[in-house]
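Okay, here's what each chain looks like letter by letter:
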Amino acid sequence: MYQVTLRQLDGQPIVIHSAYVDTVKLTEAKITKAVNSIEKFEFTCTPENPAYDSCHPFTSMVEVTKDGTVLFRGRVLKVDSSMDTNGKLTKDVTCEGELAYLHDSYQNYGKWQNISPADFFKRLIDVHNSQVEPYKRFTVGTVTVTDPNNSIYRYTAEETSTFDTITDKLIKRMGGELQLTRRGDDLYLDYVKAPVKYGKQTIALTRNIRSLKQSVDASEIITVLKPLGKTQQTQSQENAGTDASQPRLTIASVNGGNKWLRDEAKIREFGIQSGVQTWDDVTDANNLIRKGREFLASQKTATVQYQVEAIDLALIDKTVDDFECGTYYRVINPVMGVDEYLRAVGQTIDIVDVTRSTLTIGDRMLSQEELTLQAKKEILASQTDRQSIIDFEHHFADLDAESEEVKKIIADLQKQVEALKNQTNPRPTHIGKIIDVSEWQGSIDWPAVIADDTTLSIIRVQDGSSHQDLKYMENIQGVINAGGRYAVYAYFRAVSTADAQVEAQDFYDRVQRVVAGKQQPVFYALDIESIEMSGSASAMRGGVEAYMNKLNSLGIPDSQIVLYIANHLYDTFSLNVARPGAIWIPSYGINDGTLAGSQKPSHPYDLHQYTSKGAVKGIAGNVDMNTDPSDRFKQLYL
């Protein structure tokens, strides 16, 4: 499910929201996306959350993932503190996506002509890159937006940011969209024609539509047009420094002295609505009047947009793709006369209450004929079966009955939301094998392991700071790729509390080196089965506390830490067993690979390691096996 991490520019990420840990949750959190807009992430946290005192404008970086897939990556923009009438403290944090880095640079004054859109775009990005820190720089990727002559004419101003310059000089005039991708540590920025991608989900009444609002906007219609061409520079204006007040080419010389073109049909429909269109690259009046007539003939009359509250069925059906901004979906609402593929041009993702997520569908341009047809469809839909009022009532009775399916989906989603708020996923009805592995198991066939009914794999990362498990990277990547659930563990070898903190840092860093931005482990386990701390058993408690404190500072709460404690040294260590999320104890008995031949631990436990001679498909030789997870262990980790 959803996870949110926060890091400072020179620091390590800490978890500030987890679906699995009750103590690490945001009270409100929502991502807002829109085509050609900078993404936004807003969240609210309380003083108990690690983010409360760690959010700093422009230098704190935030990442939101869902099952390892990055949904948002950006920086903190502003932080607002508040206290309600009951004295409850909260902070509201607004973050902006990485595309906002284009607001951190300003363009130079320039006059650009005889240059292609691709070269002009690259020049703008080069200016941006020259002004900002390395992590804010972009590499120009694919540019597919073109001009008919592959030559544009533009001015750039010193007081305009790079983002606003790209929006005004390219996107508003030529169309196209900015698309940002990350490849390793590098940001790639594409400027492309709007892609056509069709989603597999259908948004339909009686299935997953909660509400649908239609807006039709004809305010941009032009019925009387003044076409303008290239600036006609006069001798007195050659050194003026700007084209703001200079006259432009008009069609008067080829239109009987009249600078205006009229669309009589649209004037009868909408009256006189005057407007201007400029073509900077046109220097001939005949070409200009042709472009003006083409504009009026092809002009769309209105934009139609739908604000949809639709349930994302991917949340309860893993075979269905998630909703994605920029994708086309089939929208069906017979009551409003809608049945067509429409593009999702905006999206909100509520990661705390998924039932409040919405899509904005549309911004599709309508011609006059399409606008008239749209109105007729709505009239027909609203008058369905006028010949029989009884049939009309039956029709809506059927819709109402079918809408029970939607109500059931909403109810199921709300149950899942409540389950997440209570820190747990629904408990599995079946729990398979729980194993722990290290380099001693050699190369592991992880798809075979997972297929052999393995519910949880606990992977060793290190034996103290000095020995990195030789197979841990391969094992973590393998279990993730195979779709398995996993945890990690490290053998405790610290000789002092300071050394314990170093070990904890190394443990965390080594894990994140493999899984940053991917599926995180369900817990970090500390393997304590020998007397360390320079041979002082009495110092073991302090060393383990220091280790856990360090993990806490890195964003790993106590509920996500498990202590593996040797059964025969349990009393000697006298550890604070009330602090971690679970206690894991080995007790083998005759150690013959069977549960029947084992002996239960003599101390309270949440997980029993019952043999070191188990067998699992995909692993050659013996493997440690575990059983009898407590309700607490199931609730937190399975």
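Note that the structure is a prediction, hence the values are computed from the model and not measured.

**Student:** Can you help me understand the overall build of the protein chain in this one?
**Tutor:** From N to C terminus, the protein chain includes 12 helices and 30 strands. Burial status across the protein chain gives 50% buried among its 638 residues. Considering only contacts in the protein chain between residues 6 or more positions apart, those separated by 24 or more positions represent 65%.

**Student:** Please explain the pattern of salt bridges as it appears in this structure.
**Tutor:** Between side chains of opposite charge, a pair can form when the charged atoms approach closely. Following the criterion strictly, the structure yields 30 salt bridges and no others. Where Asp 452 meets Lys 433, a salt bridge forms, and the shortest distance between an N and an O atom there is 3.6 Å. Linking Asp 452 in the loop between helix H7 (446-451) and strand E23 (454-463) with Lys 433 in strand E22 (residues 433-437), this pair joins segments that are 19 residues apart in sequence. Residue class for Asp 452 comes out buried when judged on its relative accessible area of 14%. Given a relative accessible area of 23%, Lys 433 falls into the partly exposed group. Residues participating in the shared-partner salt-bridge network are Glu 439, Arg 460, Asp 463, Asp 469, Arg 493 and Glu 532.

**Student:** Sorry, what's going on with the sheet that holds strand E15 (residues 224-228) here?
**Tutor:** Paired through their backbone hydrogen bonds, the strands of a sheet run either parallel or antiparallel. Taken in spatial order, the 3 strands make up an open sheet running E16-E15-E17, and their pairing is mixed. Where the open sheet ends on each side, the last strands, each with one partner, are strand E16 (261-262) and strand E17 (274-278). Summarising the sheet, E15 and E16 pair through 2 bridges and their orientation is antiparallel. Considered in E16, the bridge of Val 224 is made with Arg 262. Here helix H4 (residues 285-298) sits on the sheet in contact with E15, E16 and E17, set at roughly 145 degrees to E15.

**Student:** Help me understand the packing of helix H8 (residues 472-481) against helix H9 (residues 497-515), please; the structure alone is not making it clear to me.
**Tutor:** Between two packed helices, the angle of one axis relative to the other and the distance separating the axes together describe the packing. Two elements in contact, H8 and H9, have axes separated by 10 Å at closest approach and are oriented at 45 degrees. Between H8 and H9, the angle falls in the class oblique. The handedness of the crossing between H8 and H9 comes out as right-handed. Residues Tyr 472, Met 473, Ile 476, Gln 477 and Ile 480 of H8 form the contact with H9, whose own contacting residues are Arg 510, Val 511, Arg 513, Val 514 and Val 515. Its residues assigned to classes, the contact of H8 with H9 shows 7 nonpolar, 1 polar and 2 charged.

**Student:** So what exactly am I meant to see when it comes to the pairing of E15 here?
**Tutor:** Every other side chain in a regular strand lies on the same face of the sheet, so the side chains alternate between the two faces. Counted residue by residue, E15 has 4 buried out of 5 residues, so it is predominantly covered. With 5 bridges connecting them, E15 and E17 associate as parallel partners. Of the residues in E17, the one forming a bridge with Leu 228 is Thr 278.

**Student:** In this structure, what is going on with helix H1 (residues 117-131)? I would like to understand it.
**Tutor:** For the α-helix, the turn length of 3.6 residues means that residues three or four positions removed from each other point alike. Taking 1.5 Å per residue as the helical rise, H1 with its 15 residues ought to reach 21 Å, and the 22 Å between its terminal C-alpha atoms agrees with that figure. Turning to H1, its buried residues are Pro 117, Phe 120, Phe 121, Leu 124, Ile 125, Val 127, His 128 and Asn 129. Check the buried side of H1 and you find it contacts strand E8 (110-115), strand E9 (138-143), strand E10 (152-156), helix H2 (162-174), strand E11 (177-183) and strand E12 (186-192).

**Student:** Quick question: what am I supposed to make of the sheet that holds E9 here?
**Tutor:** Here 3 strands make up an open sheet; going across it, the order is E9-E12-E11 and the pairing mixed. Either end of the sheet is taken by a strand with one partner, and the two such strands are E9 and E11. Between one strand axis and the next, the sheet turns by 30 degrees as a mean value, whatever way the strands run. Here E9 runs beside E12; their pairing, made up of 4 bridges, is parallel. Along E12, the bridge assignment pairs Val 143 with Tyr 191.

Analysis parameters
- Along every chain, residues carry numbers that run from 1 in the direction the sequence is written.
- With the structure being a predicted model, the display of local features is reserved for residues of pLDDT at least 70 and the display and counting of side-chain atom pairs for 80 or more, all residues being used for whole-chain, interface and lining totals.
- For side-chain calculations, the full set of non-hydrogen atoms in the structure is used, while hydrogens and water are omitted.
- Helical segments are the DSSP runs of H or I of at least four residues, strand segments are the runs of E of at least two, and each set is numbered from the N terminus.
- Any residue under 20% of the maximum accessible area for its type is buried, any over 50% is exposed, and the rest in between are partly exposed; the area is computed with a 1.4 Å probe on protein chains only.
- In this analysis, two residues are considered to be in contact whenever any of their non-hydrogen atoms come within 4.5 Å of each other.
- The salt bridge criterion pairs a side-chain nitrogen of Lys or Arg with a carboxyl oxygen of Asp or Glu, the two atoms within 4 Å.
- What makes two strands pair is DSSP finding at least two bridges between them.
- All axes are obtained by fitting lines to C-alpha atoms, using only the stretch in contact for helices, and the reported angles, taken between N-to-C directions, cover 0 to 180 degrees.
- For classification purposes, an angle smaller than 35 degrees is called roughly parallel, one larger than 145 roughly antiparallel, one from 65 to 115 roughly perpendicular, and anything else oblique.
- By the definition used in this description, the sense in which the near helix is turned from the far one sets the handedness, with an anticlockwise turn below a right angle giving left-handed and a clockwise turn giving right-handed.
- Here the term charged refers only to Asp, Glu, Lys and Arg, the term nonpolar to Ala, Val, Leu, Ile, Met, Phe, Trp, Tyr, Cys and Pro, and the term polar to all other amino acids, Gly among them.
- A helix's residues, less one, multiplied by 1.5 Å, set its expected span.

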